[in-house]
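These are the residues of each chain, in order.
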2 protein chains.
Amino acid sequence: MPRSRPRNALYAQSGGATAVINATASGVIEAARRAAGRIGKLYAARDGILGALREELIDTSKESAAAIRALRDTPGAAFGSCRYKLKGIEEDRAKFERLVKVLHAHDIGWFFYNGGNDSADTALKLSRISVKMGYPLAAIGVPKTIDNDLPVTDCCPGFGSAAKYVATSVREAGLDVASMASTSTRVFVLEVMGRHAGWITAACGLAAERAGDAPHVLLFPERPFDEQRFLARVTRSVGQRGCCVIAVSEGLRDAQGRFLAEAGTIDAFGHRQLGGVAPRIAALVQSKLGYKTHWAVADYLQRAARHIASRTDLEQAYAVGKAAVAMALEGKSAVMPVIVRVADRPYRWRIGEARLEQVANRERRLPRAFVSADGFGITAAARRYLAPLVAGEAPPSFRNGLPVYVRLRNATVRKRLRERFDP
Amino acid sequence: MPRSRPRNALYAQSGGATAVINATASGVIEAARRAAGRIGKLYAARDGILGALREELIDTSKESAAAIRALRDTPGAAFGSCRYKLKGIEEDRAKFERLVKVLHAHDIGWFFYNGGNDSADTALKLSRISVKMGYPLAAIGVPKTIDNDLPVTDCCPGFGSAAKYVATSVREAGLDVASMASTSTRVFVLEVMGRHAGWITAACGLAAERAGDAPHVLLFPERPFDEQRFLARVTRSVGQRGCCVIAVSEGLRDAQGRFLAEAGTIDAFGHRQLGGVAPRIAALVQSKLGYKTHWAVADYLQRAARHIASRTDLEQAYAVGKAAVAMALEGKSAVMPVIVRVADRPYRWRIGEARLEQVANRERRLPRAFVSADGFGITAAARRYLAPLVAGEAPPSFRNGLPVYVRLRNATVRKRLRERFDP
């Protein structure tokens, strides 16, 4: 018997926001609107999976086509995201069952979960438990992370824009430092994200195209920090060109595996100082070598910098959103659209398909072949991989000199379940 | 008796680089080239006034028209700059006399000094001593500083681009924080430059156009830090909207006038920790209020960010360079072209003229009327002043996804003086 109304769908954003995660949202929503006869309402969970657990659903049909289009140009996570990891099905059974209840109450047949490997894991478990509970659900993962550490996919939407931001920033700051070094700062340190994998650190290396260009030293989280070798390298750089520009991963560790940023620091208030490996490296250089130093910590700026997003990244972010809906309509579940690299030069890519179990809870490290023999730079192979990912510009529109970012109405759907659930 | 050859000119860059100081250089050089019959060679001092003292002069005629044009799009100081302040004429007589000797040796009749109030002072003194020594010299100041603290001029080339960068960054990071606050960072702190005047801090306020927009708290260097009032304000912001985004000046001081960034901090290496008021504010919030915090320090990124330069700023930077040459050709000396605001809306400006003695060693503070009554925000008057300065985009060209910045040949002129001088 044919259903009188098509089933609804739910989209949720997970983990750290990126400059282009909303482009993926835009891809999902526009594709779902085009499939109006087959997909009913497309809801978005407020604050990620928490909204699904709390039955806080946003009706995306209340947003205009222009607003959904403007999502492509807006950083942050427009429906809210969260850091909230569900554990095993047995351990977190009550939560998984609650999720299925909420989906059921709103007749949701498709779940699109936009995040990293934790989210792939949650989507996979949800698809399994729904089978067990006899509730028909297609769970589709949609990739996103600036850390670029998902397996199977050639790259992760969000990474290319962060990469473009850090490479641009280190190139610009490098010119500044070089022009002042004779009487001012000789050593500049930029701290970038990527706690466990050095993809963003490696991307900084793209800024150096000619001999002597900044950055002169990269400090990867994969390589234990060797103070003596590092200081020798800085000394050589300053000797050769008057300055040394360093990009360091927030996840830099010492030989004992301890994060440098977490070494105990007490400030004047008697408070434990928060992270910051850049000031630590700068202090080390200043005290051991006597050079004047400056340092910057990009922090959220690097993952929110939509104004300098990579067009390639933006297009891929949109494409995985669209592809996720296409897979759902083909009746697939427990899969994730991925980026397949067809060629390096000229760069060509297409959308492929991974099973969620290939992605869930697995990390892809930076290949050893991407780090130069001395451990302080990137190789030609790294460049070949990275360069296409930052290619192309896609500036947002500007009004009064500042980028225009959309704010959605985010109208909440009336709850249908009597029970409340506060995870 | 008419001179057989026109006299030469010297251009020097001084103090901190900006995103657009090279646009000023481009304006000077292009105008000098157009006046070829009246101005001979245009030299540039390597590393600012130090190059003039050392007789390290660069022959700008060796650079192609395309390279000089590309200077408009290149951050840093293309000929090198320095932090080197000449003292009084009596105290530093040997240096001033050396300068005149170098100028004389290269038949330099015009000196263009591109910098802040220190540079205006040096140019003024040089014009005075040259008169005393019977050496005809026109000394023209050309304004530049991201700090926006020069008197007379309505604004300073370099400031508008730094302002656009910080306002854009705080808007972007603010969206990121807002979308994650329910389970992650509630308080985000961005540290910006401007040690003595809160112009850049005020510019962050431009990002907030609607109620609730980031930034929610500005901490100005002019307002002593009041911990209790600040913490109450953060608590209220988090209560109202789930998060609080703070922009803080590197020059924030306590009630005793001490810089917060200089409070003694010792890291794990036993080294004194370098500056950083953002981590200090974040640690304070975390320990007193228990909110999760993140912080960023933009440092040189904000003054080198040519990729997000203000078109208004760029045009003004170029215009003051061109105007400086025009003033020189009119036979003027000890003057500086300045920006005169003709109207706010629509914004109109023209080039005016200041005497160097009006500019030398004087600072313009942020008007009290620009800071809101509670001390944590900006007023409508501030907005009216600031908004036009960030208006318009002027992106550089990109190649392989990154901005293309020119590197000059910087060919040095053969020395003519036997004596060496190492300041």
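Preceding this section is the structure that the text describes.
The paragraphs below set out a description of the structure included in this document. (Residues numbered from 1 in each chain as written. Chains lettered and ligands numbered in written order. Predicted model: local features only at pLDDT ≥ 70, side-chain atom pairs only at ≥ 80, totals over all residues. Heavy atoms only, no water.)

The next subject is the overall build of chain A. Each helix and strand in chain A was counted, giving 13 helices and 13 strands. For chain A, whose C-alpha radius of gyration is 23 Å, the value lies close to the compact-globule estimate of 22 Å for 423 residues. Summarising its shape, the C-alpha atoms of chain A cover approximately 80 × 45 × 45 Å along the three principal directions. Here chain A, with 423 residues, has 64% of them falling under the buried criterion. Counting only contacts in chain A whose residues sit at least 6 apart along the sequence, the fraction spanning at least 24 positions is 77%. Between the mean site of the 63 positive side-chain charges and the mean site of the 41 negative ones, chain A shows a separation of 3 Å. (Helix = DSSP H or I, 4+ residues; strand = E, 2+ residues; numbered from the N terminus. Rg over C-alpha atoms; globule rule 2.2 N^0.38 Å. Buried < 20%, exposed > 50% of the residue type's maximum accessible area, 1.4 Å probe, protein only. Contact = heavy atoms within 4.5 Å. Lys, Arg positive; Asp, Glu negative; His and termini not counted. Charge placed at Lys NZ, Arg CZ, Asp CG, Glu CD.)

Before going further, it helps to spend a moment on the nonpolar core. With 156 residues, the main nonpolar core has A:Phe112 and B:Phe112 as its most contacted residues. Excluding its chain neighbours within four sequence positions, the residues that come into contact with A:Phe112 are A:Ala9, A:Leu10, A:Tyr11, A:Ala12, A:Val28, A:Ile140, A:Val142, A:Ala324, A:Val325 and A:Ala328. Residues A:Ala261, A:Leu284, A:Val297 and B:Ile281 belong to the second largest nonpolar core, which totals 50 residues. (Core = buried A, V, L, I, M, F, W, Y, C linked by side-chain atoms within 4.5 Å.)

It is worth spelling out the packing of aromatic side chains at this point. Under the criterion given, the structure shown has 17 aromatic pairs over all chains. With a centroid separation of 6.1 Å and 75° between ring planes, the pair formed by A:Trp295 and B:Trp295 is classed as edge-to-face. Taken together, the residues A:Trp295 in strand β9 (residues 293-297) and B:Trp295 in strand β9 (residues 293-297) connect one chain to another. Accessibility classification places A:Trp295 together with B:Trp295 in one group, the buried group. An aromatic cluster of at least three residues, connected via ring pairs, comprises A:Phe159, A:Trp199, A:Phe370 and A:Tyr385. It is B:Arg72 that lies over the ring of B:Tyr318; its NZ or CZ is 4.1 Å from the centre. The cationic tip of B:Arg253 hangs over the ring face of B:Phe259; the distance from NZ or CZ to the ring centre is 4.2 Å. (Phe/Tyr/Trp six-rings, centres within 6.5 Å; stacked < 30°, edge-to-face > 60°. Lys NZ or Arg CZ within 6 Å of the ring centre and 35° of its normal.)

With that out of the way, let us pick up the pairing of strand β1 (residues 8-13) of chain A. All names here are of chain A. Burial analysis of β1 places 6 of its 6 residues in the buried class, the great majority of the element. Here β1 shows a buried face lined by Asn 8, Leu 10 and Ala 12 and a second buried face lined by Ala 9, Tyr 11 and Gln 13. Examined bridge by bridge, β1 and strand β2 (residues 42-45) share 3 bridges and lie parallel to one another. Along β2, the bridge assignment pairs Ala 9 with Leu 42. Regarding the hand of the β-α-β motif, the stretch spanning β1, helix α1 (residues 21-34) and β2 is right-handed. (Pairing = 2+ DSSP bridges. Right-handed = clockwise from strand over helix to strand, strands pointing away.)

Once that is clear, we can look at the state of the cysteines. All names here are of chain B. The tally for this structure, following the rule as stated, stands at 0 disulfides over all chains. The thiol of Cys 156 is not disulfide-bonded; the next cysteine sulfur, from Cys 155, is found 6.8 Å away. Here Cys 156 falls in the buried class, since its relative accessible area comes to 1%. Unpaired in terms of disulfides, Cys 243 finds its nearest cysteine sulfur in Cys 244, a separation of 7.4 Å. (Disulfide = S-S within 2.5 Å.)

On the chain B side, the residues contacting the 90 residues of chain A number 90 residues. A buried area of about 7000 Å², summed over both sides, lies between chain A and chain B, and 60% of it is on carbon and sulfur atoms. Linking chain A with chain B are 4 salt bridges, by the criterion used here. Close ionic contact of B:Arg303 with A:Asp176 constitutes a salt bridge, the shortest N to O distance being 2.7 Å. Going through the elements one at a time, α6 (159-180), β6 (187-192), α9 (277-289), β9, α10 (301-304), β12 (398-399) and β13 (402-403) of chain A are the ones with two or more residues in the side of chain A that touches chain B. Per element, the largest residue contribution to the side of chain A that touches chain B is 13 residues, and it comes from α6(A). Taken together, the residues of the side of chain A that touches chain B break down into 43 nonpolar, 27 polar and 20 charged. (Buried area = accessible area lost by both parts, 1.4 Å probe. Salt bridge = Lys/Arg side-chain N within 4 Å of Asp/Glu carboxyl O. Nonpolar A, V, L, I, M, F, W, Y, C, P; charged D, E, K, R; others polar.)

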